[in-house]
Amino acid sequence: MKVTVVGAGAVGASCAEYIAIKDFASEVVILDIKEGFAEGKAMDLMQTASLNGFDTKITGSTNDYSKTAGSDVCVITSGIPRKPGMTREELIGINAGIVKSVSASLIEHSPNTIIIVVSNPMDTMTYLVHKTTDLPKNRIIGMGGALDSARFKYRLAEALGAPISDVDGMVIGGHSDKGMVPLIGKAARNSVKVSEFLSEERMEQVVQDTKVGGATLTGLLGTSAWYAPGAAVSAMVQAIACDTKKIFPCSALLNGEFGLSDLSIGVPCVLGANGIEKIVEISLTDAEKSKLSESAEGVKKTNGLLEL
């Protein structure tokens, strides 16, 4: 199993670190345009191998895509990060050109790869890869929902005073502050609905705190977060590499599912060796359907800014 991570910044490096530590990949290649940067990150990470007990080989490359040849999974994190006060949508002009070029170069050297898109605005960048490459739709996946759901579960555990292992919850919809649809009605603590423990007001607070999860961290850190995004990607890569068939909310290209078409947006997906092996059309309440449709309109509006 060979995995390539494009972008050696904080998110890309964290992603590579988590993949290596889990020890399911034979090789991780980190690629960046900054001279020596990926090589330095790879060397630093390799010097943790004996301490962290992994055998994954990590190599770095400055813009040499031949080093990525034969990758089973490629992760695109490249692009400018979100600055305080900046929306994900404002990133589109710069990041679209980067993602289009990167995906073409990756596929040239790894035509059978599965691509996971992290670059923001993530749903639109995922849609861009669908529209500008010949990869089957099951092999192009957007990361957002896995991260948003992890943030949702963090807020749920906080509200419940429960260990995170006791909590389950999912966020669908667009990967944006306004587009997220945390499914609070389906959230549970050890199979018991959270409504048994929390008031309507507290549940609504959890929803709102989840939706601004990324912006909250950007305000605190001065840039985008990296630990949780890196962990979210590594969990998805592991599900593909180990063919686990785990369900993650992922940005997938829809063709009628949930009544939506011609866009990539977060929905529950079974991940395995073939990438997205199934889109799971869960039942939604009328309110949830309305919020998902509203989110889809927002994603389509951002997609309209692409120069396809």
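The numbering scheme is per chain: residues are counted from 1 as the chain's sequence reads. Only residues with pLDDT of 70 or above have their local features reported here, since the model is predicted, and side-chain atom pairs are shown and tallied only from 80 upward, although totals for entire chains, interfaces and linings are computed over all residues. Excluding hydrogens and water, the side-chain figures rest on all heavy atoms present in the structure.

- Labelled according to an unreviewed UniProt entry, the protein appears under the name Malate dehydrogenase, originating from Lacinutrix venerupis.
- UniProt positions are given in the numbering used here, feature names are shortened, and annotations may be inferred rather than shown by experiment. Turning to the protein, the UniProt annotation filed under Sequence similarities (unreviewed entry) states: "Belongs to the LDH/MDH superfamily. MDH type 3 family."

## Quick word on the packing of helix α5 (residues 122-132) against helix α10 (residues 286-303)
So, step 1. Interaxial distance between α5 and α10 falls to 9 Å at its minimum, and their mutual angle equals 60°. With respect to their mutual orientation, α5 and α10 come out oblique. The two elements α5 and α10 meet at a crossing, and its hand is right-handed. Facing α5, whose interface residues are Asp123, Thr124 and Tyr127, α10 presents Val299, Thr302 and Asn303.
So, step 2. Among the residues forming the contact of α5 with α10, the class breakdown is two nonpolar, three polar and one charged. The axes used here are C-alpha line fits, helices contributing only the stretch in contact, and every angle between their N-to-C directions lies in the interval 0 to 180 degrees. Secondary structure elements follow DSSP: runs of H or I of four or more residues count as helices, runs of E of two or more count as strands, with numbering from the N terminus. Orientation is classified from the angle alone, with under 35 degrees giving roughly parallel, over 145 giving roughly antiparallel, 65 to 115 giving roughly perpendicular, and any other angle giving oblique. Each crossing gets its hand from how the near helix is turned against the far one by less than a right angle, where anticlockwise is left-handed and clockwise is right-handed. In this description, contact between two residues means that some pair of their heavy atoms is separated by no more than 4.5 Å. Any residue that is not Ala, Val, Leu, Ile, Met, Phe, Trp, Tyr, Cys, Pro, Asp, Glu, Lys or Arg is counted as polar, Gly included; the first ten are nonpolar and the last four charged.

## Description of the pairing of strand β12 (residues 246-255)
So, step 1. Most of β12 sits out of view: seven of its ten residues are buried.
So, step 2. Should DSSP find at least two bridges between two strands, the strands are taken to pair. As defined by bridge partners, β12 adjoins strand β13 (residues 261-272) across ten bridges and the pair is classed as antiparallel. Following the sheet pairing, Asn255 is matched in β13 by Ser261. Buried residues are those whose accessible area, probed at 1.4 Å on protein chains only, stays under 20% of the maximum for their type, while exposed residues exceed 50% and partly exposed ones sit between those limits.

## Let's talk about helix α2 (residues 37-46)
Every α-helix winds through 3.6 residues per turn, so residues three or four apart in the chain are directed the same way.
So, step 1. Turning to α2, its buried residues are Ala38, Ala42 and Leu45. One side of α2 holds all its buried residues, which, seen down the axis, span an arc of 65°. In α2, those exposed residues whose orientation departs by more than 90 degrees from the buried face are Met43 and Asp44.
So, step 2. In the core, the buried residues of α2 are packed alongside α1 (10-22), β2 (27-32), α3 (49-52) and β3 (57-62). Note that the arc is defined by the directions from the helix axis to the C-beta atoms.

## A look at the side chain of Glu288
So, step 1. Relative to the helices and strands, Glu288 is located in helix α10.
So, step 2. On the basis of relative accessibility, which here comes to 10%, the residue Glu288 falls in the buried class.
So, step 3. When near neighbours in sequence (up to four residues on either side) are disregarded, Glu288 contacts Val181, Leu183, Lys186 and Ser283.

## Some words on the packing of aromatic side chains
So, step 1. In this analysis, rings of Phe, Tyr and Trp, with Trp reduced to its six-membered ring, are considered paired at centre separations within 6.5 Å, and the interplanar angle assigns stacked below 30 degrees, edge-to-face beyond 60, and tilted for intermediate values. On inspection of all chains with the given rule, the structure shows one aromatic pair.
So, step 2. Between Trp226 and Tyr227 the ring centres are 5.4 Å apart and the planes differ by 50°, which places this aromatic pair in the tilted class.
So, step 3. A residue is classified by how much of its surface remains accessible, and Trp226, at 24% relative accessible area, is partly exposed.
So, step 4. The rule for a charge over a ring is simple: NZ of Lys or CZ of Arg within 6 Å of the ring centre, and within 35 degrees of the ring normal. It is Lys34 that lies over the ring of Phe37; its NZ or CZ is 4.9 Å from the centre.
So, step 5. When the ring centre of Phe197 is taken as reference, the NZ or CZ atom of Arg189 above it lies at 5.8 Å.

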